[in-house]
Amino acid sequence: MTPPAELRAPVIAKEAVDDADEEKTDTTCRICLDQVTEEAFQVCACRGTSGFAHLHCLAQMAASKWPDLQAWRLCPTCKQGYVSTVRLGLARELWDYACASLPETSRLRLQAGSELGLALNSVGESAEAASLQQELLEVAKRELGAEHADTLAIANNLALSLRAQGMHDDAAALYQETLEGMRRAQGENHPDSLILAANVAVMLASQGKLDEAGELLSDTLKGARETLGALHPQTLGIADSLAGILEAQGCWAEARALRRDSLEAQAKLLGETHPDTLQAAESMGRGLFDEGRYEEAAALQRQTLRGARRVFGADHPNSLAFTQSLVFTLLAMQQSAEAEDTVRTSLEALRSKSGIENPDALIMADTLGMVLNARGDHTKAATLQRETLEARRRALGAEDPETLVNAGNLGMALQSTGELPESAEVLSTTLAAARRVFGPTEPATTLLALQLGTVQLALGQFFEARKLHGAAWAELRQRLDSEEQNPQSPYADAIQAARQLDDALKATSWRVRRG
């Protein structure tokens, strides 16, 4: 078969440039040898000029090896998978090619669709992925049977997409059903069974079943090392998931050793600036932060952020996520000046490229407001967060989750400036919306209620504050034993706020009785 006549616009890839401010480079495509001058980023583990290639050249080369689907997934030079935009671009080309060439019932066509679904998930397009995977699953069950390897793989991928959309109950049921079928059909140590077992374990952890999840992941990691090898990407992914469980259980040394081994292995295998290596470094930095090893965390996060900005640019989502992690670590170390410089660099890059009302720019502006508040510049913080909130309401709506987070931060900034009535009004309105959007017992809602209670107490509204505090404790008390010592718990901040408000209420109650 010949390649499609028309392919999409070229995408260029390259290893990180030495100068963080350099955004353009001149080189040649490694396939067609035509010169290219465009924004560049690394798409695989190739180093230097070997990292450059047009998307349409990669697609034509892959199509020339049809029906070998590996040619669409893996770089023929470094033998590692394509990543990010290039992976998605090639997957779309493969799907178009398969749809034009093959009948709906073809296994090869199903596999091409599965590759597109995975690529969509890798860039956060889980809704589109789930829609495609549901169609593929129906065809696979009808044509291949419910326990055929391809059918089970598609079901696993669909469960992943459902979980990414927050549909946890549906995802858990599908994962369990698929794992049982996979083990019957292929055995416990088959690579597909191992991957699926890891997904089930992560699902269990999200439901708070940490012991069950940790035991399953530990067994799965042993099987993966025996079957796939210690340096296989899937083995490293399972190790990362197990490290997260161990951290949640307070087993810091074991988690740290796993993360360090994974990071060193990925740096050796893929290169220090490969996206997967940078993500492994980010995971380890977060683990060090949760353990309270702030100096080590900050050192690693600085290095990771520099690498991400060189590879992706300061305004890339990965760079922004790494910025947030470093900023929170710096604030915990009371290094607010560096935190401000760090967040301003990202904010300026976003505003210059996408404008002040870009959603990512609004998130970063809200973060800057938090940093200014931490530095004691409460007036500037409140002004910035008020402007950001107005822009976010215009761009996203008054009840978008990020808008509500921003509003909560504004309420606390206003409390710091002594503007208590306005703070109470903002927090009260935000709490009512949070109960509708998040639900009355979610961590974000509970934290807002406690923040409002703190402001009410400062205004002398003792009984109103006590009512909010009592309702929050009723929800939190059952979680204290399991979640209070877990810094990764979504309830950790709410539990701390509840204890602080409890102390303040007790002191105020004594004064009220004496009066």
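Computed from a predicted model, the values in this text were never measured in an experiment. (Residues numbered from 1 in each chain as written. Predicted model: local features only at pLDDT ≥ 70, side-chain atom pairs only at ≥ 80, totals over all residues. Heavy atoms only, no water.)

## Regarding the nonpolar core
As a reminder of what qualifies: As used in this record, nonpolar core signifies buried Ala, Val, Leu, Ile, Met, Phe, Trp, Tyr and Cys residues forming a set joined through side-chain atoms within 4.5 Å. With a 1.4 Å probe rolled over the protein chains alone, any residue whose accessible area is under 20% of its type maximum counts as buried; one over 50% counts as exposed, and the rest are partly exposed. To qualify as a helix, a DSSP run of H or I must reach at least 4 residues; to qualify as a strand, a run of E must reach at least 2; elements of each kind are numbered from the N terminus. Residues are treated as being in contact if the distance between any of their heavy atoms lies within 4.5 Å.
Formed by 71 residues in total, the largest nonpolar core has its most connected members in W66, W72, L90, L116, Y175, L217 and L258. A total of 9 residues in this core trace back to one element, the largest contributor, which is helix α8 (residues 191–206). If sequence neighbours within four positions are ignored, L116 has contacts with L88, A91, R92, W95 and L132. One finds L305, V311, L330 and L368 within the second-largest nonpolar core, a separate group that totals 24 residues.

## Focus on the confidence of the model for the protein chain
The test is simple: Each residue carries a pLDDT value, the predictor's own confidence for that position, ranging from 0 to 100.
The predicted model of the protein chain averages 81 in pLDDT, with 83% of residues at 70 or higher. Helix α22 (residues 480–483) is the least confidently modelled element of the protein chain, averaging 49 in pLDDT, while helix α13 (residues 294–311) averages 94, the highest of any element. For the stretch residues 1–25, pLDDT sits under 50, and the model shows 70 contacts to residues farther than four places along the chain or on other chains. For the stretch residues 481–485, pLDDT sits under 50, and the model shows 7 contacts to residues farther than four places along the chain or on other chains.

## What about the layout of surface pockets?
Quick reminder of the rule: Of the grid points, spaced at 1 Å and generated over the protein atoms alone, those admitting a 1.4 Å probe that cannot get out make up cavities, while open sets with protein on both sides within 12 Å along at least five of seven lines make up pockets; any residue with an atom within 4 Å of a point is treated as lining. Grid points are joined across faces, edges and corners, and a volume is the space filled by probe spheres set on the points. The residue classification treats Ala, Val, Leu, Ile, Met, Phe, Trp, Tyr, Cys and Pro as nonpolar and Asp, Glu, Lys and Arg as charged. All others, Gly included, are polar.
Here the second largest pocket defines a volume of roughly 220 Å³. Among the elements of the structure, α11 (252–270), α12 (275–291) and α13 are those that each provide at least two residues to the lining of the second largest pocket. Broken down by element, the lining of the second largest pocket gets its largest block of residues, 5 residues, from α13. A per-class count over the lining of the second largest pocket returns 5 nonpolar, 5 polar and 3 charged.

## Digging into the environment of N199
Take N199: it is sitting in helix α8. What makes N199 buried here is its relative accessible area of 14%. Here the alpha-carbon distance between N199 and A172, two residues 27 residues apart in the chain, equals 9.3 Å.

## So, unusual backbone geometry
Residue P67 is reached from W66 by a cis peptide bond, and omega for that bond is 10°. Residue placement: P67 occurs in the loop between α1 (55–63) and α2 (70–73). One non-glycine residue, Q334, adopts positive backbone phi at about 60°. Here Q334 shows up in the loop between α14 (317–332) and α15 (336–354).

## Topic: the side chain of T329
Structurally, T329 is set in helix α14. When neighbours within four sequence positions are excluded, T329 is seen to be in contact with F289, Y294, A297, A298 and Q301.

## With respect to empty space enclosed by the protein
Counted under the stated rule, the structure contains 1 cavity of 30 Å³ or more. Estimates place the volume of the largest cavity at around 50 Å³. Lining the largest cavity are E247, W252, A255, R256, R259, M284, G287, L288 and E291. Among the secondary structure elements, those contributing two or more residues to the lining of the largest cavity are α11 and α12.

## A short note on the packing of α11 against α12
How we decide: Axis definition: a line fit to C-alpha positions, over the contact stretch in the case of helices; interaxial angles, taken between N-to-C directions, run 0 to 180 degrees. An angle counts as roughly parallel when it lies under 35 degrees, as roughly antiparallel when it exceeds 145, as roughly perpendicular when it falls between 65 and 115, and as oblique in every other case. Crossings are sorted by hand: turned counterclockwise from the far helix by less than a right angle, the near helix makes the crossing left-handed, and turned clockwise it makes it right-handed.
Running from N to C, α11 and α12 cross one another at 160°; their axes reach a closest spacing of 9 Å. If you check the angle between α11 and α12, you find them roughly antiparallel. Read as a crossing pair, α11 and α12 show a hand that is left-handed. Contacts between α11 and α12 pair W252, R256, R259, R260, L263, Q266, A267 and L270 from the former with D276, T277, A280, A281, S283, M284, G287, L288, D290 and E291 from the latter. Residues of the contact of α11 with α12, tallied by class, amount to 8 nonpolar, 4 polar and 6 charged.

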